[in-house]
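Listed below, chain by chain, are the residues.
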Amino acid sequence: MFAAVDIGASSGRVILGRVQAGGESRDSSVELEVVHRFPNGVVEIDGGLRWDFDALFAEVLTGLSAAATVAAAQGEQVASIGIDTWAVDYGLVNAAGELTAQPFSYRDDRSRTAVEPVHRKLDPARLYGTTGLQFLQFNTIYQLACEKNLDGMQALLIPDLIAFLLTGQRRTEATNASTTGLFDAVAGEWATEFLTALGLRKDLFPPLIQPGETVGTLLPEIAARVGLPQETRVVAVGSHDTASAVAAVPATADDGGENFAYISSGTWSLVGLELKHPVLTEASREANFTNERGVDGTIRYLRNMGGLWLLSECQRTWAQEGFRPELTALLTAAAALPPGGPQINPDDPYFIAPDNMPERIRAAVRRTGEVLPDDPAAITRCIMDSLAAGYARTLRDAERLADRTVDVVHIVGGGSQNRLLCQLTADVTGKKVVAGPVEATALGNVLVQARATGAVSGELADLRALVVHSHDLRVFVPELSRL
């Protein structure tokens, strides 16, 4: 059994994965069992939006303890642990291995003021030509430019920080490193010249490690606390949660082979293609596409879009106002509304920070000259239409820039359960949409661990075949009458 620590911006889970490898792929399977869930979210500390990392790590230990208990009750052992989280954020650790402060969240506005100073030292075209990274004002490079004193400090991205506290070993997993703006997309190494240009030490981050490699084994005190053997390995997986999710996209030769697109739909929407080589053209930069590392050295060529954060924030505001609509009923009511309603740009930075999202959306619609009723169903439909339209635009751009034709779109993550969003995506893109699995991130995490320990073997296609044979997937085809 394998323990997957899977933490998103609003919640986290520790999941046990069991992989059965048969002689034929159709005889193999991978099953997941959530043993611990916990909330996550930004908190205001010292005047900034930060992550309560101490509480987060305590929940990780609680989850690993639960995993040990469940595995033992089933007469099995936890073979290894893999960790994935969101990208770009980091904690600063001193020479003694102490976290010096709770890590800032990418939703804090501090990095906005660092963009211009960074670009004065490093031209955006030069940055993109090396890193291939989409410009986002909260990318790690801009966050680090805000730091005042990094002497004696080392920066550990969030999943690497968790792994360090479990094992005492400092490493930086490559898929997450590729989101920092300080990683060479072609060489697969740190772009040390950029660190130097910004006055940062070349060893600010720990050495790189690839998915499937072992970070280390549990520290004695951690092993005793969670009830796992000290020799339990922490294995590097696609520690950027999207990298793990894409590794578990159930793409097969029957539905287009390599010619698939993916949408990892959750708090954010990660929309793109899997490529063998990065696309570093000026046209790609102008379109704001990113080239991030995937499992097995693949390139996740994608654009980071707004996501279901818009809806969850609306639900939070409505709940504060005493209205708590059940999600299924809300989406059903939204689906009953006629097409052609107002839309917003879900990528607008105006929507990044939390605060009365329904009114923000209505205000954005008003700026276009249209009117959106103050009605939860209408606002929900606006969000769904806007996301689907954004997906279609992004996929068309990706096909053009990468010179690739897409036959099928895979939606994984929480959004794969949203029938309205999946159907609208099929309608607007004009392509077949395959929805599921919901737990793609945890599946990718577990499968990379399983391969690293020898429980399964093969390439990404073989891992994906396990997902296909283990999970029910839903197919949506375009309905022209809905357009």
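Shown above is the structure to which this text applies.
The structure displayed is predicted, hence computed values, not measured ones.

Draft legend 1. How the structure looks around the pattern of salt bridges. Under the criterion given, the structure shown has 19 salt bridges. Notably, a salt bridge pairs Asp 385 with Arg 381, separated by 3.0 Å at the nearest N-O pair. A residue pair is termed a helical-turn pair when its members lie 3 or 4 positions apart in one helix, as Asp 385 and Arg 381 do in helix H14 (residues 376–402) at 4 residues. Considered together, Asp 385 and Arg 381 belong to a single accessibility category, that of buried residues. For Asp 397, the salt bridge is made with Arg 400, and the minimal N-O distance between the two is 3.3 Å. One end of the pair, Asp 397, and the other, Arg 400, are both in helix H14, 3 residues apart, so they sit about a helical turn from each other.

Draft legend 2. Local environment of the nonpolar core. Ranked by internal contacts, the top residues of the largest apolar core, which has 79 residues, are Leu 64, Ile 81, Ile 162, Leu 166 and Leu 218. Looking at which element gives the most residues to this core, the answer is helix H1 (residues 53–73), with 9 residues. Apart from the residues within four sequence positions on either side, Leu 218 is in contact with Ile 81, Leu 166, Ala 223, Val 226, Leu 228, Pro 229, Gln 230, Thr 232 and Val 234. In this structure, Tyr 128, Leu 273, Ala 287 and Ala 388 belong to the second largest nonpolar core, which totals 51 residues.

Draft legend 3. Looking closely at the pairing of strand E4 (residues 42–45). The sheet contact formed by E4 and strand E5 (residues 48–51) spans 4 bridges and is antiparallel. Paired with Glu 44 across the two strands is Leu 49, which belongs to E5. Between the antiparallel neighbours E4 and E5 lie 2 residues, among them Asp 46 with a positive phi of about 55 degrees.

Draft legend 4. The packing of aromatic side chains, seen in detail. Evaluated as defined, the whole model comprises 11 aromatic pairs. Judged by centre distance (6.3 Å) and plane angle (50 degrees), the ring pair of Trp 51 and Tyr 106 falls under tilted. One end of the pair, Trp 51, is in strand E5; the other, Tyr 106, is in the loop between strand E7 (90–93) and helix H2 (115–121), with 55 residues separating them in the sequence. Note on Trp 51: relative accessible area 2%, which makes it buried. When the centroid spacing of 6.4 Å and the interplanar angle of 15 degrees are considered together, the rings of Phe 53 and Phe 57 count as stacked. Of this pair, Phe 53 and Phe 57 both sit in helix H1, 4 residues apart, which is roughly one turn of the helix. With respect to burial, Phe 53 and Phe 57 carry one shared label: buried.

Rules behind the numbers
Residues numbered from 1 in each chain as written. Predicted model: local features only at pLDDT ≥ 70, side-chain atom pairs only at ≥ 80, totals over all residues. Heavy atoms only, no water. Salt bridge = Lys/Arg side-chain N within 4 Å of Asp/Glu carboxyl O. Helix = DSSP H or I, 4+ residues; strand = E, 2+ residues; numbered from the N terminus. Buried < 20%, exposed > 50% of the residue type's maximum accessible area, 1.4 Å probe, protein only. Core = buried A, V, L, I, M, F, W, Y, C linked by side-chain atoms within 4.5 Å. Contact = heavy atoms within 4.5 Å. Pairing = 2+ DSSP bridges. Phe/Tyr/Trp six-rings, centres within 6.5 Å; stacked < 30°, edge-to-face > 60°.

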